[in-house]
Amino acid sequence: SPVRWGHRAKMITEPESWMSFGKVSEQLLVFINSYLLLARGNRVVMIEVDPLCSRMLYPINDEQTKAINEGRKDNFVGISQSIREQLLNKDTSVLHKYTTEDSLLSGGLSLALCYLNRIKREYPKCRGRILVLSVSKDVPNQYIPIMNSIFSAQKMDIIVDSLVMSDTDSSFLQQACHITSGIYFKAKPAPQLSLLQYLTFLH
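Reference entry: report on the structure contained in this document. Computed from a predicted structure; not experimentally measured. (Residues numbered from 1 in each chain as written. Predicted model: local features only at pLDDT ≥ 70, side-chain atom pairs only at ≥ 80, totals over all residues. Heavy atoms only, no water.)

Our focus in this paragraph is the environment of Cys126. With respect to the helices and strands, the residue Cys126 is situated in the loop between α5 (105-122) and β3 (129-134). Look at Cys126 and you get partly exposed, because its relative accessible area is 24%. Sequence separation of Cys126 and Arg43 is 83 residues, and the distance between their C-alpha atoms is 9.7 Å. Ignoring sequence-local partners within four residues, the contact set of Cys126 consists of Ile119 and Lys120. (Helix = DSSP H or I, 4+ residues; strand = E, 2+ residues; numbered from the N terminus. Buried < 20%, exposed > 50% of the residue type's maximum accessible area, 1.4 Å probe, protein only. Contact = heavy atoms within 4.5 Å.)

And the structure:
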């Protein structure tokens, strides 16, 4: 979430050591395009989670969904542009009403699982995998819905990987990765090292 990332940047004692969300998004886009090029069957869906809701950043319309289903990779510029527009057009005018800086991870996992469930029905051989990039702390009242999502992912044979960039480890994501046989990685609090290197290491 760009909201949580912005709050996190303000808390760092050495702001220059913390990557701006602009740099983060650019490295994410490079990773996404690289992943799509690795194999013809690779598909990518991007979801944003913040204190208000969870929403799809890509795909956002029928044409983009059709492109994913058909495995078309001839429009990398279009994918990157669409995701950038969704991030830049985010309405942050109501965020001041929320005192929490934590993201609703359970909602994001549920949205991802619902999407993957639909894809698996259309393409039974599809192997789903969820990568969570988090800078938020665990929220105790989300424990039950998160665990429900984790067990659903396990039942659907979907792996959950996590890259945590907060000050403390996430016990929720540790359990998610352990139960689904995924990879859990705790990055440095102030990552001078390129985020792209972390992502490439995980995948």
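Okay, back to it.
For the rest of this paragraph, the subject is the environment of Ile79. Its location among the elements puts Ile79 in helix α4 (residues 76-88). For Ile79, a relative accessible area of 9% corresponds to the buried category. When the C-alpha positions of Ile79 and Val44 are compared, they lie 9.9 Å apart, and in sequence the two are 35 residues distant. Beyond its immediate sequence surroundings of up to four residues, Ile79 is in contact with Leu36 and Tyr58.

For the rest of this paragraph, the subject is the sheet that holds strand β5 (residues 184-186). Pairing in this open sheet of three strands is parallel, and the strands run β3-β4-β5 from one edge to the other. Pairing within the sheet leaves two strands with one partner each, and these edge strands are β3 and β5. Strand-to-strand twist of the sheet, defined as the mean angle between neighbouring strand axes without regard to direction, takes the value 10 degrees. Relative to strand β4 (residues 159-164), β3 runs parallel, the two being bridged by six bridges. Its bridge partner being in β4, Arg129 is matched across the sheet by Ile159. Here helix α8 (residues 195-202) sits on the sheet and contacts β3, β4 and β5; the angle it forms with β4, its principal contact strand, is near 155 degrees. (Pairing = 2+ DSSP bridges. Axes fitted to C-alpha atoms, helices over the stretch in contact; angles between N-to-C directions.)

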